[in-house]
Amino acid sequence: MDEATRWRVLMVLLATMFMSLVGVSIVNVVLPAIQNTLGASESDIQWVLSGYALTFGVVLVAAGRAGDVFGRGAIFLSGLVIFTLSSILAGFAPDATSLNIARFIQGLGSGLLNPQVLGMIQQYFHGPERGRAYGALAPWSVFRLPLARYLAASWCRDWGRTWGGAPPSWSTCRLACWP
């Protein structure tokens with residue numbers, strides 16, 4: 001693989017990893033809207049947060065090994081498809097149970113693709129180039145939390161202002177689950 005292609009691949013990997021990591025925390029901002037609109041209990045709200053993180057964490061090590069055995073590209077693409085489809089399902093969830101199921105699946109997809117990003121950086125970059133590739137990874141990981149919260153809060157706030165000042169509901173903040 002030539003140098004230009006490797007750096008384009010890195011940008012795709014970093015953008016994908018950023019979106020999956022944003023998925024962990026972006027719904028924090030809209031939890032009150034989720035609770036009010038979907039009639040979710042405190043337990044449901046806790047699972048919105050914990051379900052994603054739980055499945056994400058449980059799958060990481062096995063997904064890394066699966067990438068070694070079956071190919072990082074195949075596992076990465078599988079994780080990306082699962083993550084994307086479950087994000088859409090979460091965005092259209094009609095009730096708290098559906099949202100939680102979608103968030104569990106979303107965490108699974110994220111857990112599958114994240115170790116592949118690190119493995120592909122290891123595989124495609126060598127010497128000083130590898131250090132630069134990992135150096136490019138750091139800002140994406142560090143700034144995802146404040147950026148996710150800012151984007152979700154701004155989007156929901158601006159939506160309410162644009163459409164008559166109504167407080168945001170889950171139906172107006174659905175895109176927060178579409179990282």
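Sequence order as written defines residue numbering, which begins from 1 separately in each chain. Local features in a predicted model are, by the rule used here, given only for residues with pLDDT of at least 70; side-chain atom pairs are given and counted only at 80 or more, and totals for whole chains, interfaces and linings are based on all residues. Side-chain metrics rest on all non-hydrogen atoms present in the structure, leaving aside hydrogens and water.

Chemist: Residues and numbers for helix α5 (residues 96-124), please.
Modeler: With 29 residues, α5 extends 42 Å from end C-alpha to end C-alpha; this agrees with the ideal 42 Å at 1.5 Å per step. We call two N or O atoms a polar contact when they sit within 3.5 Å, provided that within protein one can donate a hydrogen and the other can accept it, with sequence-adjacent residues counted only if both atoms are side-chain atoms. Under the DSSP-based scheme used, a helix requires at least four consecutive residues in state H or I and a strand at least two consecutive residues in state E, with every element numbered from the N terminus. In this structure D95 caps α5, since a side-chain oxygen of it lies 3.2 Å from the backbone nitrogen of T97. Each residue after the first adds 1.5 Å to the expected span of a helix.

Chemist: Requested: an account of the packing of aromatic side chains, with residues and values cited.
Modeler: Any two of the Phe, Tyr and Trp rings considered here, Trp counted by its six-membered ring, make a pair once their centres fall within 6.5 Å; the pair's planes then place it as stacked at under 30 degrees, edge-to-face at over 60, or tilted in between. Enumeration over the complete set of coordinates arrives at 3 aromatic pairs. On the numbers, 6.3 Å between centres and 20 degrees between planes, the contact of Y52 with F56 is stacked. A residue pair is termed a helical-turn pair when its members lie 3 or 4 positions apart in one helix, as Y52 and F56 do in helix α3 (residues 42-70) at 4 residues. Taken as a pair, Y52 and F56 share a single burial class, namely buried. Residue exposure (1.4 Å probe, protein chains only): buried if accessible area is under 20% of the type maximum, exposed if over 50%, otherwise partly exposed.

Chemist: Break down the packing of helix α1 (residues 3-25) against α5 for me, citing the residues and quoting the values.
Modeler: Following both chains from N to C, one finds α1 and α5 inclined at 150 degrees, their axes separated by 9 Å at the closest point. When the axes of α1 and α5 are compared, the pair comes out roughly antiparallel. For the pair α1 and α5, the sense of crossing is left-handed. On the side of α1, the interface is formed by R6, V9, L10, L13, T16, M17, S20, L21, G23 and V24, while α5 contributes R103, S110, L113, N114, V117, M120, I121 and Y124. Basically, the charged four are Asp, Glu, Lys and Arg, the nonpolar ten are Ala, Val, Leu, Ile, Met, Phe, Trp, Tyr, Cys and Pro, and anything else, Gly included, counts as polar. Of the residues assigned to the contact of α1 with α5, the class counts are 11 nonpolar, 5 polar and 2 charged. Note on geometry: axes are lines fitted to C-alpha atoms, helical ones only across the stretch in contact, with angles between N-to-C directions running from 0 to 180 degrees. Throughout this description, any angle smaller than 35 degrees is read as roughly parallel, any larger than 145 degrees as roughly antiparallel, any in the 65 to 115 degree range as roughly perpendicular, and the remainder as oblique. By definition, turning the near helix anticlockwise from the far helix through less than a right angle yields a left-handed crossing, and turning it clockwise yields a right-handed one. For this analysis, residues touch if any pair of their heavy atoms sits within 4.5 Å.

Chemist: Provide a residue-level description of the pattern of salt bridges, including the pertinent values.
Modeler: A pairing counts as a salt bridge when a side-chain nitrogen of Lys or Arg comes within 4 Å of a carboxyl oxygen of Asp or Glu. Under the definition given, this model contains 2 salt bridges. The salt bridge partner of R6 is E129, with a shortest N-O separation of 2.9 Å. Of this pair, R6 sits in helix α1 while E129 is found in helix α6 (residues 128-142), placing the two residues 123 residues apart along the sequence. Residue classification places R6 among the buried residues on the basis of a relative accessible area of 14%. Looking at E129, the relative accessible area reads 12%, which means it is buried. A salt bridge links R72 to D68; its shortest N-O distance comes to 2.9 Å. The exposure class of R72 is partly exposed, given its relative accessible area of 23%. Take D68: its relative accessible area is 44%, and that puts it in the partly exposed class.

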